2 protein chains.
Amino acid sequence: MRIAMIGLGKMGGNMVRRLCRGGVEVVGYNRSPEIVQQLAKEEGMIAADSVTEALGQLPSPRIVWLMLPCGDPTEQQIDALIPQLSAGDIIIDGGNSNYHDSQRRGAWLKEHGIGFMDAGTSGGVWGLANGYCLMVGAEPEVAAQLEPVLKVLAPAADRGWAHVGPVGAGHFTKMIHNGIEYGMMQAFAEGFALLKGKDEFNLDLAQVSELWRHSSVVRSWLLDLTAESLAEDQELKAVSPFVADSGEGRWTVVESIDQGVAAPVISLALQMRFASQDDEGYGNRLLAMMRNAFGGHAVKKS
Amino acid sequence: MRIAMIGLGKMGGNMVRRLCRGGVEVVGYNRSPEIVQQLAKEEGMIAADSVTEALGQLPSPRIVWLMLPCGDPTEQQIDALIPQLSAGDIIIDGGNSNYHDSQRRGAWLKEHGIGFMDAGTSGGVWGLANGYCLMVGAEPEVAAQLEPVLKVLAPAADRGWAHVGPVGAGHFTKMIHNGIEYGMMQAFAEGFALLKGKDEFNLDLAQVSELWRHSSVVRSWLLDLTAESLAEDQELKAVSPFVADSGEGRWTVVESIDQGVAAPVISLALQMRFASQDDEGYGNRLLAMMRNAFGGHAVKKS
C-alpha cells in the first residue's frame, strides 16, 4: 500500500509517522520543505518536491490524502489535482472541512471519475501514540479501498474508525463531535471557576481534578488533560483568558439552526468563546452606560 | 475497624458490600429490614434492628456513616444521634447534602464534641465494582481516623479519594462535580440530537458513539455508558423525554449567583431539564398566542 500525503503540519506529519511505522508507504509533500526531509530521514517517508512529483511516485489507482487547512487551501489543491488525476484515483480530505464543501467536492470529483472520501480526524497531537479517531464518509467501494490505511491510523484495526455514511457524513460527524467538545470544555471551565471562586475552602484544584479521574461520573480524557495541566500550574496567570474558536463550533450552531433542533448549550459555549475574544467590550460598555442613564449607577472608568 | 452504616439503599447497600469485602466490619441498619438481613447473609454485615442497637455494637470512638436522602431525613437522624453519642464519636454524611447544611451540622456537632465529615460520593451503581470517588471535608484529625474506610471504598488505596478541605468542602466539591455533569450530559444530548436529525446521512448512532470512545477528544465514561445504551436501542421510543433533576444542579447555579461567577452552560443545562419537565407548556402557549396576536400567525391546536 502506497499513498501520497499532502500537508505535513502537526496533524499530517504525525499521521505520516504512524503510517510509516505501520507499514504503509507514504510519498510526502509539504509547502515548506524542512519537514519533508525530516520525515524522510526519520521515518523512511518518500520525499517529494512537488505534488506532481508525489503523484509520479504512486501506483495506479493513485490515492492522495490531503491534510490542509480547510477552505481555500483545500479547495485550490483539489482544483489543481483534478487535471493530474485519472478515473479511479481517490482524494481523501482529512482536514476539518465544512461537510457542505465535502459534499460539493465529492460530486465535482465524481464528474471526473475521481473518488472522494472525507475523513474527520480526532486525536490531536496525541494521535501519533494513541491512534486517530476517524469518521469516514464515502461510497462503499472507496471506503473499502482505504481500509488498510484507516486500520493503521486508528488506535487499532478493529476500533476507532468507521465508515459512517456517504460523502459528507464523515466531516458532519466530526463537526458534531467538536460541537460536543465545546460544551464539555465549557462545563469543566465553569465548574473549576466556581471551585476556584470559593476562597473559604482554599481548594487544591490539582488535587480535585486528579481525584475526579477515578470512578467519578465526569471522568474523561479532557479531565485527564486538565488534571495534568493543573498539576503543573493551577493559577494559570501566564495564560491569557482568550479562547479561540475554529470553524466547527460555528458550523454546529448553524446546523442546529438549519435543522431547527435546539442545541442551546453548544451554542452558548461558542458564544462564551466570542465573549472571551472581545477586547473592546463595546456591549458591556453600553450596558454600564445604560445603567448609569436610567438609575444613576456609577460607571467604572477604564 | 468497625463502623455503623445507617441507610442501606442503592448507594449505602453497595458501599456496605464493598466495605465488608475489603475487611471493614459494618453494623448496618435500614428502615425497611429486608436489605439488612440480605446484607448480613450475603456479606457478613452485622445486622441491627435499630440505630440504638447499631451504636451498641460499636467500639469507642463510635463512627456512624449516614447514607440517607438529603434534607429532613439526614437532619432528623443527626438530631436523634446526638444524645446517644459521646465526645470523640464521629458522624459521616455520605449523602448528597447541601454544603451549607453540612457546615451548619459540623458546627452543631462540634458543640457536642462530636466529629463530622461530609463525604461527597460519586460512582453510582458502578461503585461496588469500580470503587467510589470520595470528596471529603473534615478537620484533619477526623479525616485521618476515617482513612482506612476511605481507602476501601475508593477505587484504590492511593487514588479516587481525597481530604479536600474543611467541613463542607466535600459536599461543595461534589456539588460542583454534579454541575459539570449536567453540562457534559446536555452537550452530548444536543450533539446526538443533531446527528439523529440529519436524515440524509442515516447515521448509526450506536456506531458513532462506539467509534468516539477510541482516541477522540470527547471520550469519557458518560460516552461509554451512552454507547452501551445506544447499542441496545438507538430509537429510545420507550424513554419519555422527561429529565429529572436533583438538588445539586440547582445548588451549583445558586452558588454561581452567590459568587457572582458566570456559569451559563451549567445554568442552561439545568433550565433545559426544567423545560423537559414542563408538561403544561404554559410559556410556549403564551408565545404561540402572542405570535398570533401581533402577526396573525396560525396557532397549532392542542
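Since we're looking at a predicted model, the values are computed, not measured.

Draft legend 1. Structural context of the sheet that holds strand β4 (residues 63–66) of chain A. All names here are of chain A. A sheet is described by the order of its strands in space; here eight strands give the open sequence β3-β2-β1-β4-β5-β6-β7-β8, paired in mixed fashion. Edge positions in the sheet fall to β3 (46–47) and β8 (161–165), since each has one partner strand and no second. Bridge analysis of strand β1 (residues 2–6) against strand β2 (residues 25–29) gives five bridges, and the strand direction is parallel. Across the sheet, residue Ile3 finds its bridge partner in β2, namely Val26. Here helix α4 (residues 72–81) sits on the sheet in contact with β1, β4, β5 (90–93) and β6 (115–122), set at roughly 165° to β4. Of the strands in this sheet, β1, β4, β5, β6, β7 (133–137) and β8 touch helix α7 (residues 140–153), which is tilted by about 35° from β6.

Draft legend 2. Summary view of the interface of chain A and chain B. Tallying the contact residues gives 68 residues for chain A and 68 residues for chain B. For the pair chain A and chain B, the summed buried area comes to about 5,800 Å², and 73% of that belongs to carbon and sulfur atoms. The largest per-residue losses of area from chain A upon contact with chain B belong to Leu194, Phe201 and Val217 of chain A, which jointly make up 13% of the total buried on that side. Seen at the junction of chain A and chain B, the total is two salt bridges. Across the pair Glu255 of chain B and Lys198 of chain A runs a salt bridge, and its minimum N-O distance is 3.7 Å. Counting across the chain A and chain B interface gives 22 residue pairs in polar contact (both at pLDDT 80 or more). Counting residues per element, the ones that place at least two in the side of chain A that touches chain B are α5 (99–111), β7, β8, α8 (169–197), α9 (205–212), α10 (221–232), α11 (247–259) and α12 (264–277) of chain A. Of the residues forming the side of chain A that touches chain B, the biggest block, 18 residues, is contributed by α8 of chain A. Taken together, the residues of the side of chain A that touches chain B break down into 39 nonpolar, 22 polar and seven charged.

Draft legend 3. Molecular detail of the nonpolar core. One finds Leu195 and Trp212 of chain A together with Leu195 and Trp212 of chain B to be the most contacted residues of the largest nonpolar core, which totals 72 residues. When residues no more than four places from it in sequence are discounted, the contact partners of Trp212 of chain A are Phe192, Leu195, Val218, Arg219 and Leu223 of chain A together with Cys133, Met135, Thr173, Ile176, His177 and Ile180 of chain B.

Draft legend 4. Focus on the relation of the copies chain A and chain B. In screw terms, the move from chain A to chain B is a rotation of 180° and a rise of 0.0 Å along the axis, fitting with an RMSD of 0.0 Å. The two molecules are tied by a two-fold rotation axis, judged by turn and shift. Of the C-alpha atoms belonging to chain A, the one lying closest to the rotation axis is found on Ser220 of chain A, 1.9 Å away. Here 100% of the interface residues in chain A have copies in chain B that are interface residues too; the copies meet face to matching face.

Draft legend 5. Structural detail: the pairing of β4 of chain A. Residue and element names in this part refer to chain A. Residues Ile63 and Trp65 point to one face of β4 and Val64 and Leu66 to the other, with burial holding for every one of them. By the bridge criterion, three bridges tie β1 to β4 in an arrangement that is parallel. Of the residues in β4, the one forming a bridge with Met5 is Trp65. Bridge count for β4 against β5 is four bridges, and the pairing is parallel. Residue pairing across strands places Val64 opposite Ile91, the latter belonging to β5. Following the backbone out of β4, through α4 and into the adjacent parallel β5, one traces a crossover that is right-handed.

Quick notes on the rules
Residues numbered from 1 in each chain as written. Chains lettered and ligands numbered in written order. Predicted model: local features only at pLDDT ≥ 70, side-chain atom pairs only at ≥ 80, totals over all residues. Heavy atoms only, no water. Pairing = 2+ DSSP bridges. Helix = DSSP H or I, 4+ residues; strand = E, 2+ residues; numbered from the N terminus. Contact = heavy atoms within 4.5 Å. Axes fitted to C-alpha atoms, helices over the stretch in contact; angles between N-to-C directions. Buried area = accessible area lost by both parts, 1.4 Å probe. Salt bridge = Lys/Arg side-chain N within 4 Å of Asp/Glu carboxyl O. Polar contact = N/O pair within 3.5 Å; in protein donor to acceptor, adjacent residues only side chain to side chain. Nonpolar A, V, L, I, M, F, W, Y, C, P; charged D, E, K, R; others polar. Core = buried A, V, L, I, M, F, W, Y, C linked by side-chain atoms within 4.5 Å. Buried < 20%, exposed > 50% of the residue type's maximum accessible area, 1.4 Å probe, protein only. Least-squares fit on C-alpha atoms with pLDDT ≥ 70 in both. Right-handed = clockwise from strand over helix to strand, strands pointing away.

Honestly, that's just the spatial picture; any functional story needs more than this.
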